[in-house]
Structure formats: structure tokens, C-alpha cells
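What the coordinates show
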Amino acid sequence: MILPIVAYGDPVLKKKAVEIDKDYPKIEALIANMYETMYGASGVGLAAPQIGLAIRIFLVDASPFAEDEDLSEDEKAQLKDFKKTFINPVILEEEGDEWVFNEGCLSIPDVREDVFRQPKIKIQYQDEDFNTNVEEYDGLIARIIQHEYDHIEGVLFTDKLSSFKKRLLKGKLQNISKGKIRVDYRMRFPAMSKKR
């Protein structure tokens, strides 16, 4: 089932999400719905706060990036098969010289900005069977994970921009929260006037 994606301005996007355990109700259905929602919106990642749930779960499917002509064959192969669900993740380490990449977000449609992040991460998380894993990632996969991880920490990519950039985007972001934007996927807008 495709769920509406919560738009910029909704308080759930600024909340630090809580851990869940394997008794969380209908977890398999939730994960399946999240994948369907992400694909329906042509996303490469989706975090639970983006569907209105302040719980520590996000998913990533990096395969759309495998089409990028600028990448090496190794990178393309890595991205093509990268699809994972992260439950209760903790980034243990981030290292390396920051690099810039133009990021966007399903909760902030039509806004793309350059964001600096470190290239390497070490993350501990539970998979869909609640087995604990510790893995290391770098490059684009690390970046997608960092972006989604920020969501469960209550951080949006726009929070990482300079105050000058934020001022330039202010009107656009207010319009998004009011639903004054055209999107081709279902969204829930926090500041849309409630019509009686």
C-alpha cells in the first residue's frame, strides 16, 4: 500500500525517532508498504518519519544510481544490487574528507542543494529478522544511508545548509508545507488549511 509522504514542516520530521523491537505491530507489512511508497515516488531511500512514524527504521535501494555514466564499473555493480532495510541503526564512525553532492528529499520536493558529508561510515543495525549487523560503506551508498539516518535523528538535509542558503529557500519551503507544489506522488502537508 502506498502511503502519503509527510511534507517539510511536519513536526514528526524534527523528532528523534525511537527504537522498536520485533514485537512492533505488523512490521513486515510496514516495511513492504515503505518500499512500495519509496518506489512509487521514485526515491532511493525512505525513513519512517517520512510516513509519519517516529521510529528508527529506514530503507535504501541505490540501484537507480547504477545508471550514472560517471561512475566506475565497480561502483555501478555495488549500487545495482544494494537494497537494504535498517532497523535501530547507529552510525558508529564517519571518516574521511568531506565531499559535496547534490541531494534532494521526497519530503522536500523540487529542492536540491549541495550537502557536505564524510565519505566513509561504519553502521550497526538490525535487519528485517532483527539480527544485528555491523558494516562499512563508502561513497554514494554511505551518503544515502547518512541522509536517511539523519531523518531518524530529526535532521533534514536543509538543516545542513548555510544560513544564506536557508534564507533563499525559506519561501519555497513554506510553500511546500502549505501544499503549494505539484508532485506526482501522495503527500501530507502540515500547513494546508483544513477545509470544513
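Residues numbered from 1 in each chain as written. Predicted model: local features only at pLDDT ≥ 70, side-chain atom pairs only at ≥ 80, totals over all residues. Heavy atoms only, no water.

Turning to the environment of N131, a few remarks are in order. Relative to the elements of secondary structure, N131 occurs in the loop between β7 (120-126) and β8 (132-138). Excluding its chain neighbours within four sequence positions, the residues that come into contact with N131 are Y125 and Q126. (Helix = DSSP H or I, 4+ residues; strand = E, 2+ residues; numbered from the N terminus. Contact = heavy atoms within 4.5 Å.)

So, on to the pairing of strand β5 (residues 99-105). Where β5 meets strand β6 (residues 108-117), six bridges bridge the pair, whose relative direction is antiparallel. Bridge assignment links C105 to a residue of β6, and that residue is I108. (Pairing = 2+ DSSP bridges.)

Spatially, the five strands line up as an open sheet ordered β2-β3-β4-β7-β8, and their pairing is antiparallel. Every other strand in the sheet has two partners, leaving β2 (45-47) and β8 as the edge strands with one partner each. Across the sheet, the mean angle from the axis of one strand to that of its neighbour is 40°, orientation sign disregarded. Note that strand β3 (residues 57-61) and strand β4 (residues 83-95) share five bridges and pair antiparallel. Its bridge partner lying in β4, I57 is registered against I87. Sheet contacts for helix α1 (residues 27-40): β2, β3 and β4; angle to β3, the most-contacted strand, approximately 45°. Contacts from helix α3 (residues 139-152) reach β2, β3, β4, β7 and β8 within the one sheet, and its direction differs from that of β3 by about 155°. (Axes fitted to C-alpha atoms, helices over the stretch in contact; angles between N-to-C directions.)

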